[in-house]
Each structure stands twice: as structure tokens, then as C-alpha cells.
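Residue strings, one per chain:
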2 protein chains.
Amino acid sequence: MNKPVPAITTGALPASRKIHLPGQMHDIRVPMREIAISNEDPLRVYDSSGPYTDPDCQTDIARGLADLRGDWLITRGDVEAYTGRKVIPADNGFAEGKRLTPAFPIQRPPLRAVNGRAVTQLAYARAGIITPEMEFVAIRENEGRIGAAARDGEAFGAELPDLVTPEFVRAEIAAGRAIIPANINHRELEPMIIGRNFKVKINANIGNSAVTSSMEEEVDKMVWAIRWGADTVMDLSTGRNIHNIRDWIIRNAPVPIGTVPLYQALEKVGGVAEDLTWEIFRDTLIEQAEQGVDYFTIHAGVRLHMIPMTARRVTGIVSRGGSIMAKWCLHHHRESFLYDHFAEICDIMRAYDVSFSLGDGLRPGSIADANDEAQFAELRTLGELTKIAWAKDCQVMIEGPGHVPMHKIKANMDEQLKHCHEAPFYTLGPLTTDIAPGYDHITSAIGAAMIGWFGTAMLCYVTPKEHLGLPDRDDVKTGVITYKLAAHAADLAKGHPGAQRRDDALSRARFEFRWQDQFNLGLDPDTARAMHDETMPAEAHKVAHFCSMCGPKFCSMRISHDIRAEAEKQAGMDKMAELFREGGELYVPLKEDELVK
Amino acid sequence: MNKPVPAITTGALPASRKIHLPGQMHDIRVPMREIAISNEDPLRVYDSSGPYTDPDCQTDIARGLADLRGDWLITRGDVEAYTGRKVIPADNGFAEGKRLTPAFPIQRPPLRAVNGRAVTQLAYARAGIITPEMEFVAIRENEGRIGAAARDGEAFGAELPDLVTPEFVRAEIAAGRAIIPANINHRELEPMIIGRNFKVKINANIGNSAVTSSMEEEVDKMVWAIRWGADTVMDLSTGRNIHNIRDWIIRNAPVPIGTVPLYQALEKVGGVAEDLTWEIFRDTLIEQAEQGVDYFTIHAGVRLHMIPMTARRVTGIVSRGGSIMAKWCLHHHRESFLYDHFAEICDIMRAYDVSFSLGDGLRPGSIADANDEAQFAELRTLGELTKIAWAKDCQVMIEGPGHVPMHKIKANMDEQLKHCHEAPFYTLGPLTTDIAPGYDHITSAIGAAMIGWFGTAMLCYVTPKEHLGLPDRDDVKTGVITYKLAAHAADLAKGHPGAQRRDDALSRARFEFRWQDQFNLGLDPDTARAMHDETMPAEAHKVAHFCSMCGPKFCSMRISHDIRAEAEKQAGMDKMAELFREGGELYVPLKEDELVK
């Protein structure tokens, strides 16, 4: 708490350099990561880690990241700076003295739409405008490819183009099938897109609780999470200093930041759900929109009549926001104020381009509760609300479960497509069994990979600490790597035209005993290298044609090389194929008495 | 190496006691684990951990486990003791002096079938006999249940009965759909069954390599692996002392032990694959059968004409046994001696009831190679060999891949069912992407859960060390827990009638903040407890209605309890449901001007 500037992790990943690809339509520089490979062309991969991994950038957490988007916003000419809302002690949970996180040192006036206009990417898309943000994400999604491999996958109706064009991006956003979460006040943002016809994305949750953590730890977690591949980060802080912590995070975040405004609203009423009001919530929306939050989770689908549907559930309502709203509704005998005031919420969000993440307050928190009446009642309401939000040019994605056994996962995707008009789906896992606390990053990776394959656009990670406590930075990394591999497995299965390049490059390295290349191409080079070095640490081992799993005599890959060399010596494999075919010269068939009796 | 008796882990798991259920038809005692729950009846679960977790048993690794099956074998009257093959220095890789692992202290004459009879569970099943082994596994599979929950799953044609009967077991074995791997010389075995219509099982691989590990470590790993739930263990040792290490393992193993005899055969010819001969291999089969190995992986499906099919693969042949056989075939320009002598192999195995695990020597070792011509050519041959083995009353299971992207997994199950006559399928993962070395327990858990759901009977685990080095005991535990959760997720999705009891019990404990119960019911109570205690270590925290994830004000489960209490106070949830329905008394609809524009 005494150290005002958090220590963060910077520096390139192994064998990697940051490159920037230029725009054609706009003056933009799109970051990407290039992994050097010892005997091949380097591999370009998507890169969410921001300037922290760019040796050419000096980052200073107390100053924040550079303004990337200011010029784009000015050019559009539809926003104005204004004197924002004053920060009051309630915004930080009445923390004071040493307990008060310092305010972020640099404050600037927030921007807001002029004249009640919508300044959302959806509005621009519908108007036929390709924004710099749209071109940016199009270039990003192609990962520096200029072509595409032959298609091989099952996309369940998703349509992934060989190469993403800015026009394709515009069309997808206009159709509501994709969003670019990009609050006009988050000017440090490197834009990204969430949609079924793009790479599957992942979100990492950070944030303190009343029990533990601090601003320094949370900023460090954000930088750490994106280093390992988190595409967005949600600040789910529920303790003190929510406002100031969020400032430090957003000013230093190159990725979209999401929040659940209801948490801070609840803090403002001392944790008494019944004391929540629309006015306090509305004020919190504006407070957070001015800071630059890119998407809000809004549990407007938890309606009064749905609450009794949860009465017989094994785990009740497991969503924080959902349980808070349910408590409020029940106490007041009233419909949710979020549902009642939904149009006004839209009016606020369209003025800043904050995207909706329509919350799954009634998601199942146990296998027993999966796909129940409450869950799908809410989903149908989210579909209605999607239409209202779209009518006001607000970008929308839909949140999803939860705990779902494998055989019920496809139905979730089908129902969401049916009721929510192809808005992007954003699930938490799902966990495919309840019986492994401590390993829920794995129980959920199974469900996440599957639902990502079926069409889910973004997967919210789960760490080993799920159900047990607040994740620390090690948990954050484990969760991120786990969800990156799940998202990639989904891209492969969908037949994403760029996905298999990395698998192939790594497997070639593996087969050729280029150990450093294998480590460098993996999602976590440090861990792979360290594990290998536990038993074979010497420098010479990095070119050894075996590892300690099998030793030199039993390494199948080494033997495979011997086989190929032998075949070349003899005849060449192709000729061999001819010789060895059934009936060919070298075929020695089973004798008669050895055949099936 | 100086310590002749390995240190192993013993003692009950938390809140657990060992119980034994009696047979009705035979004099048997079937072990099970009973987990105490603070406010419910205890939960009985399947237990592979053997006497090591039974406080009533004093285990002594230097003496081995008790003889469980001797009486059953004598009663059958179809086996005889004989003077077994002499152990020669080549069996232990010519290790000597301090490098020679001591022989297991107790040696007894091996048993063998009399008069060329088949003493396999398959032969008995076909003869209409229900053996003690069959009744044993039937009781085990029911986990102490006397009834079954309503069926809820998608079994893809599998037929899981509400309660398994000994007759059902017999019929499944007779049909070839299941096996009980139970060498007559493995008398310490607690029998178990592998089949699509039973609980999905998992295997843990252990074994030294030329680079690392020792007998002490390997015996410890075996006991550790079964403690956490491994149903079988394969000793894949490839270094020195293979014979003696195996003895120490089998004599102390309550679970089936599998091997790949080709490894030891290769060691006997100094690691030169071309010098392998049928005679050396045959001798090795007998050596290992006499020790009590319950199943042999035999790569008889790697045939000469298939080798060129691997020429363009990215990762060649990744199976140790497959690559060894391919090298031999190519060098000698001959059909595989395993294929040529298959009938003789059957004659040996039927005399001891060693089950076949028909090896997938040509499995894909990279996403690029998945489902290729070589892989399925071998699979079809395994189907032919299955018929030959069955004709000789040998039990058979079929090994499978490997590295397979999600969209290609179902085809593997379909092809195996089509070509292998419903013999049990036993896969290694599959890994669903190549890009995460260090996390391949997770990339493969995704594929394993899916293929288990589709009908695979046993899943061979993968540890975090895959591709990087030999697993240590921590890796073994991580791999086992990961695969237990994957197998359980598969059972749930198949609608196994007993599976959801544990999820429900744990979720009830979670919802009611019975933290100790939640930990105790999980697959890894120690880790769950430790993770929770990182931030909330005090005794009082074990009844706290929150954890550090959300703190007291934001815990959705606590709020859910408040909601239910409030509802009860007001009217009771059922009445509430009536009041809250759309159009009911308390429903407050959206105003007209708030509806969709």
C-alpha cells in the first residue's frame, strides 16, 4: 500500500519481437508478435500483451499508456469533452488515509456524444462507415497471413473467411454478430473484436475483494494476464477503492476492460441490496463510463417472476449480480429496476459506446441445475433486451453458463442462437462436473473448448482457485494459458484458416528436436523449458534427440528419423509404397492356418 | 538405491473409511470407500487405492500384498504351478552390483493353464460361468448403490444398466465388449472391468527411463497413482532393471499392471531394433506372464505396407513400440513378426489370461496427422486381429490416439466401433491441440472427456510433462486427478446412473458452506483445502458463509440463502411463484414507452 507504483512484468516473450502492420484505409499501426524459428520463416501470432512486451516502448504505470485513438475520435467529430462527475468518497467505499488507494495521477475530461447521437461501432457500421477500429481488428485477425490453408473443420454454421476484410468486420457488426468493445474514453485501447466468425477470445477476471488484494496487485495481474494472452480483462473488484483501482487499471490497459457496475453500486449502499436505487445505479454507470469501461455486465434479465424458479435448485443463484438483483426484487415486490429502466441504460451507454454484456444472473452453479427453467427464462429475456439495445445502437453480447454436463452443452448454443439473434455468446466455462475443486480450470476447459467450437465468441476463464478463494497471479496465468489452449482447440475444430499454422510449426520443431523452437512456439515457453530442464538441464540437451521420457534408445521420433533415412537409402518411401502394397513384391502374407478360424 | 524398501504413502483419505461389501455367489470382499458427510448419509465411491488406504491393513512393500485370488484359481482347477523361466542378467539389462535393483524377496512358482486350456475370463464367460472376478467387479461398479437416479444423458448407443449384475458382466465379457484384465499370476489383484457399458476407467503410466528414476520411485508412484484414482497402471520402464522393478510393482499392486513387452525385448538386444527376433520376444512374453502382468500392449497392427503411409507425416511414428517395429520391418523387408506370429502370441496369453491391448503404433502425434491413412489402416488390422484373438479366447482391448482436433474425435469412435467389433477402446487423450507443452494434461483432458463420452472405455492419462520429460510423482498426481475428472465428466454425459450423486453431494455442501464436506468430497481434498486456506486459514473460516473470492457482502450463495429465507417469511416460494407469474398480482410490467421501438 505504501508503494504507489506497482511492479509489473515487462519484456518480450522468448524469441519474440513486436511488429506493427500498417492500415490501408486509416493511419493505424496494428501490433502483432513474431516468433523466430531457427530454420523456418518466423511465425506471426495474435498479440494481446500491449506495449509491455515492446522493447521500444517505455511504459510508466503512473503515466498510463499512450493515447492511440484520440485522433480517430476527433476526426469523427461527434464527441465533446465536458466536466465529468466529481469523484466522491462513496466511490471508493469511504476509504481514507492509508487505506485509500491514491488517485491516478493524470486525469482528463471525459468525452461524451454530442446531441444525443450514438457513437457506437454499431451505429457507424449500420451507416456504412468503416472506422479505424474496424480496420484495426481486421488486420489483427489475419495475424499477418496473406493466404489461408485448405479448410478443415466443422463450423456449425459459422462463416469464417479466409482473410478478414474491414468490410467484413463492418458487416458483422452491423448484423449484431460481433462487437468491438471500445469506450470513447478508453483511448489507450488496442481494439479487438468478439464474434462467432472471428478467433475465439478469452477473458481474465481480476479485482480485489473485501478480504484481500490491492491496486498494485491488481494492476500487476492485468499486465500479467494480457502477457499470457487474455483478450479482455474484467475488473470485478468488490472491496474498497473500486473507483481508483479501476482508473489505474484502465489507464494502463491495452485491452477492453469490463465491469459489473452493480458491485460498486452495492458498495455505495453499504452492502445492503435492498437499499439499491435506480438513481445510484445510474450515477455509477456514468462514473464508470467516464473512466472508460468498455463493457458493462448488466443483469437485466433477472426478473421478479423468475426468482421462484430457483427455489429448488441445488446451488440457488450463483451470480453475484443475479443474487443481488433477486434479493432487491423480492424485498421490494417489484420488477428489477435494471429491466424497468433498460431503455435509459441504453441511452447512457450509446453516448460513450459502452457495450452490453447481458448478464446470466440465473446461470446454473451445479450440474444438477443445468439447463433449467430459470436459466432459459432469463436467456429469452436477454434476447428481448438485445432488440431494445440494438434499436438504440448499443453493442451487445450475451453471457452464458456455468456448470453444464457435456451432453447439455450444445443445447445452450442452440438456444442462444435461437433467442438472441446471433449476438455474440460469452460463457463462463462451462464446468462439466462439480467434483474437482482445485481443478476447475480443467473441468471448465473441457466445456469451454466445446462451446467455443459450437460458436461461442468469448470464453471467460476459470482459475484453479474457483470456489475456493481469490486468484493470485500464478492462478491468473494458469487460467489464461488453460483458456488460450481451449480457445485455440475451438478455432482448430471450427476450421479457422489460420489456426493450424502454430500447431504445425511446433510439431515440426518437436519432430526435428529443435527444443528451443518447440518451447518458444508454445503458449508458455517458460514452463515448457523449465519442465524439460528438470531432468535435462545442460545446454547440449537442447539439441538432444531424446528427452528423459524415453531416453536415447527409445525415442520414437529419433527412430522415425532412422526409418526415413533407411527408406531413402533403400528406395525412397514412394517407391517403397509401391513395393509394400498388398500383393506387391515384399508383402509376406499370413499363412493359411494363421487366418481366422 | 541403497534403501531396499521404498517409502510409500499410506493412510485413509480425509473423512474416509474403507468398507467391504460381501459377495452373494462367491466368498469375496469388495473394497469401497465411504466418505463421511457432516449432515447427510455417507457417500460410497469406487476405490482403486487398495490396502494402502485401509488402516486395518499393515502393508509391507518387501512382502507384497496378500493373495486375494489363490482360492478362486484352485477351485477352478485348470491351472498348475510349474518351474518358471530362470531370470537371467539380460532381463535386467545386465545391471550388476550397486546398479542392480534387488530381486523381490519372495518368489513363488508361476501358474499356467493345464492341457492347453484357455483360463481367460472370456472363456469362462462364453461357457456361461460367473467367476468370482465377475461378481467382484459387478459389486464394485454399483458403488454400494441399491437404486438409480432417473436417467439423464446421451450414451450414443452404450447401454448402462441401473445396477450391474454378475450376469450382465458375464454377458458383456462373452460379447467381447468388456474385459477383466486378471493374469492368474497376479493374485494380489482387486479385479476391475473395462468396457463401454461400465464406468469410464483411467490408466496411469509409470516406469523409469535410461535417464532417470529407480525402483523405489516407481513403486512409490504406483501407490501414489492408485491413491488418487488410477484404475490400472502401466509400467513402461525402458531403462535397466526392468524385470526386478516390475516384480516389486506387481507384487504390491492391487490394480492391473500393463506393459509393452517389446521394450524389454529391445533392451535384451542392446537397443538395436533390427536385432529383435520372434524368439526373444516370445521369451519375454513368457517372462512377463509368469510375473503376473495383466495386459500386454502388442503393436501387431504395424504392418510393412503401412510404413510408407507415414512418410509425409509431420511427426512420423510417435509410438515407441510402433517405431521399433517399423524399423525392424523396413530393415528386414519383412512383415512384422508380431503380425506373423500373432496366433502363437495368443496361445501364450490364453494360458495365463493376459489381455491384449492392441497397440496403436501408428497413432497421430500431431494435429496435422490426425485420422490419416496410416492410422486407420492399422485400426482395421487391429479389428482383424481381434477376431483371431477372440477365436483363441483371449481378452482384447484396442488402443487409440493421440493428437486429434475436436471435430475429428467422433470419427475415431465410429471407426473403432465399426472395425473392431465393439472391443473396448483405450485412448491416449487425445490432445486437441499441439501448442501447449507443459499443459498437455489439459489439451488432452478435453479430447479424453469427449471420447469417453462417445464410448471409450479407458483413458490413458497424460501428465504436464508430456513431450518434455519423465513425470515425477507430482506430475503423476496431476495427471490422475485430471483424468479422473475427465472420466467422470464422460460418465455424467453418458447418463451413468450413479455418477451425479457425487456432484450433487458436493454442490449441496458448497451451497451450505460445509467447507470440510466440500473438500472431502472432491477428487483432491488436500489441494482444495490448501487453496482455500491460502487466504482464509483460520478454523472459524471453515464455517464462514463466504470465501476470499467475494467476501461476506458479495457471496452469491449467502445471498441466495437470504433470498430463500425472505421468501419463506413472505409467502413461501411456491406461493410466490403464483404471485409472480406474468399477469399475477405482483408483476409490474414495462411501461408502453419502454417497449421495443
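The model shown is predicted, which means the values in this text are computed figures rather than measured ones.

Each value, and the rule that gives it
Residues numbered from 1 in each chain as written. Chains lettered and ligands numbered in written order. Predicted model: local features only at pLDDT ≥ 70, side-chain atom pairs only at ≥ 80, totals over all residues. Heavy atoms only, no water. Pairing = 2+ DSSP bridges. Helix = DSSP H or I, 4+ residues; strand = E, 2+ residues; numbered from the N terminus. Axes fitted to C-alpha atoms, helices over the stretch in contact; angles between N-to-C directions. Contact = heavy atoms within 4.5 Å. Least-squares fit on C-alpha atoms with pLDDT ≥ 70 in both. Buried area = accessible area lost by both parts, 1.4 Å probe. Salt bridge = Lys/Arg side-chain N within 4 Å of Asp/Glu carboxyl O. Polar contact = N/O pair within 3.5 Å; in protein donor to acceptor, adjacent residues only side chain to side chain. Nonpolar A, V, L, I, M, F, W, Y, C, P; charged D, E, K, R; others polar. pLDDT = per-residue confidence, 0-100. UniProt positions renumbered as here; feature names shortened; annotations may be inferred. Buried < 20%, exposed > 50% of the residue type's maximum accessible area, 1.4 Å probe, protein only. Right-handed = clockwise from strand over helix to strand, strands pointing away. 1 Å grid on protein atoms, 1.4 Å probe; cavity = no way out; pocket = protein on both sides within 12 Å on 5 of 7 lines; lining within 4 Å. Points joined across faces, edges and corners; volume = space filled by probe spheres on them. Expected span 1.5 Å × (residues − 1). Phe/Tyr/Trp six-rings, centres within 6.5 Å; stacked < 30°, edge-to-face > 60°. Lys NZ or Arg CZ within 6 Å of the ring centre and 35° of its normal.

In this section: the sheet that holds strand 9 (residues 232-235) of chain A. Residue and element names in this part refer to chain A. Around the barrel, which closes on itself, the eight strands sit in the order 8-9-10-11-12-13-14-15 with parallel pairing between neighbours. The sheet shows a mean angle of 25° between the axes of neighbouring strands, direction not considered. Across three bridges, strand 14 (residues 425-428) lies against strand 15 (residues 458-460) in parallel orientation. Bridge pairing in strand 15 places Tyr426 opposite Met458. Each of strand 12 (355-358) and strand 13 (396-400) touches helix 12 (residues 373-391); the most contacted strand, strand 13, lies at about 170° to it.

Each copy of the sequence occupies a distinct position, and chain A is placed on chain B by a rotation of 180° and an axial shift of 0.0 Å, giving an RMSD of 0.0 Å. Such a turn and shift between the copies fits a two-fold axis. Within chain A, the C-alpha atom positioned nearest to the axis of rotation is that of Ile446(A), 2.3 Å from it.

The subject of this paragraph is the interface of chain A and chain B. Of the residues lining the interface, 142 residues belong to chain A; the matching set on chain B comes to 141 residues. With both sides pooled, the region where chain A packs onto chain B buries about 12200 Å², and carbon together with sulfur makes up 67% of that total. Linking chain A with chain B are eight salt bridges. In this structure, the salt-bridge partner of Asp152(B) is Lys408(A), at a minimum N-O distance of 2.9 Å. Applying the counting criterion to the chain A and chain B interface returns 36 residue pairs in polar contact (both at pLDDT 80 or more). Class assignment of the residues belonging to the side of chain A that touches chain B gives a composition of 67 nonpolar, 38 polar and 37 charged.

On to unusual backbone geometry, then. In the segment running from Pro401(A) into Gly402(A), the intervening peptide bond is cis, with an omega of 5°. By secondary structure assignment, the location of Gly402(A) is in the loop between strand 13 and helix 13 (409-419). A cis amide bond links Gly429(B) with the next residue in sequence, Pro430(B), at an omega value of 20°. Of note, Pro430(B) is situated in the loop between strand 14 (425-428) and helix 14 (440-454). For Ala15(B), which is not glycine, the phi dihedral falls at a positive 55°.

Moving on: the confidence of the model for chain A. Residues and elements named next belong to chain A. Chain-level statistics for chain A give a pLDDT mean of 93 and a share of 95% at 70 or above. In this model, residues 582-597 is a region of pLDDT below 50 whose contacts with residues beyond four sequence positions or in other chains number 25 contacts. Both scores are available for the predicted complex, with the pTM at 0.95 and the ipTM at 0.95.

Time to look at the UniProt feature "domain: ThiC-associated" (unreviewed entry) in chain A. Following the UniProt record, one finds the feature "domain: ThiC-associated" (unreviewed entry) at residues 13-80 of chain A. Here residues 13-80 of chain A runs as 10% helix and 35% strand, with 39 Å between its end C-alpha atoms.

On to the pairing of strand 12 (residues 355-358) of chain B, then. Residues and elements named next belong to chain B. Residues Ser355 and Ser357 of strand 12 are buried on one face, and the alternating residues Phe356 and Leu358, pointing to the opposite face, are buried as well. Strand direction decides the pairing type here: strand 11 (residues 295-298) and strand 12, joined by four bridges, are parallel. Following the sheet pairing, Thr297 is matched in strand 12 by Ser357. Direction of pairing for strand 12 relative to strand 13 (residues 396-400): parallel, over a ladder of three bridges. The residue of strand 13 that forms the bridge with Phe356 is Val396. Once you follow strand 12 into helix 12 (residues 373-391) and on to strand 13, the crossover reads as right-handed.

In this section: the pattern of salt bridges. For the structure on display, the rule yields 99 salt bridges over all chains. In this structure, Arg187(A) and Asp67(A) form a salt bridge, with 3.0 Å as the shortest nitrogen-oxygen distance. Taken as a pair, Arg187(A) in the loop between strand 6 (178-179) and strand 7 (194-195) and Asp67(A) in the loop between strand 3 (40-45) and helix 1 (70-76) lie far apart in primary sequence, 120 residues in all. Arg69(B) is the salt-bridge partner of Glu133(B), the closest N and O atoms lying 2.9 Å from each other. Residue Glu133(B) is located in helix 3 (residues 132-142), and its partner Arg69(B) is located in the loop between strand 3 (40-45) and helix 1 (70-76); the two are separated by 64 residues in the primary sequence. For the residue pair Glu133(B) and Arg69(B), the accessibility class agrees, reading buried in each case. The network of salt bridges with common partners includes Arg85(A), Asp91(A), Arg246(A), Lys268(A), Asp283(A) and Glu287(A).

A few words on the layout of surface pockets. Residue and element names in this part refer to chain A. Of the voids in this model, the largest pocket is the one considered here, and its volume is about 790 Å³. As for the largest pocket, its lining consists of 35 residues, and the residues nearest its centre are Arg29, Ala66, Asp67, Leu68 and Trp72. It is helix 1 that contributes the most residues to the lining of the largest pocket, five residues altogether. Taken together, the residues that form the lining of the largest pocket break down as 14 nonpolar, nine polar and twelve charged.

With that settled, the discussion passes to helix 5 (residues 215-227) of chain B. All names here are of chain B. For helix 5, spanning 13 residues, the distance from its first C-alpha to its last is 18 Å, which sits close to the expected 18 Å at 1.5 Å a residue. Across the 13 residues of helix 5, twelve count as buried, placing the element largely inside the fold. Along helix 5, the positions that sit buried rather than exposed are Met215, Glu216, Glu218, Val219, Asp220, Lys221, Met222, Val223, Trp224, Ala225, Ile226 and Arg227. Its buried side turned inward, helix 5 meets strand 8 (201-206), strand 9 (232-235), helix 6 (242-251) and helix 15 (473-494).

Before going further, it helps to examine the sheet that holds strand 10 (residues 257-259) of chain B. Residue and element names in this part refer to chain B. With respect to topology, eight strands assemble into a closed barrel ordered 8-9-10-11-12-13-14-15, the strand pairing being parallel. The average undirected angle you get between the axes of adjacent strands in this sheet is 25°. Its contacts with the sheet put helix 8 (residues 278-291) on strand 10 and strand 11, and the angle it makes with strand 11 is roughly 160°.

Scanning all chains against the criterion turns up 28 aromatic pairs over all chains. Consider the rings of Tyr295(B) and Tyr426(B), whose centres lie 6.2 Å apart with planes at 85°: the pair is edge-to-face. Taken together, the positions of Tyr295(B) in strand 11 and Tyr426(B) in strand 14 put the pair 131 residues apart, joining distant regions of the chain. You'll find Tyr295(B) and Tyr426(B) in the same group, each marked buried. Three or more aromatic residues joined by ring pairs make a cluster, and in this case those are Trp278(A), Phe281(A), Trp328(A) and Phe337(A). For Lys410(B), the ring lying beneath its charged end belongs to Phe454(B), and the centroid distance is 5.9 Å.

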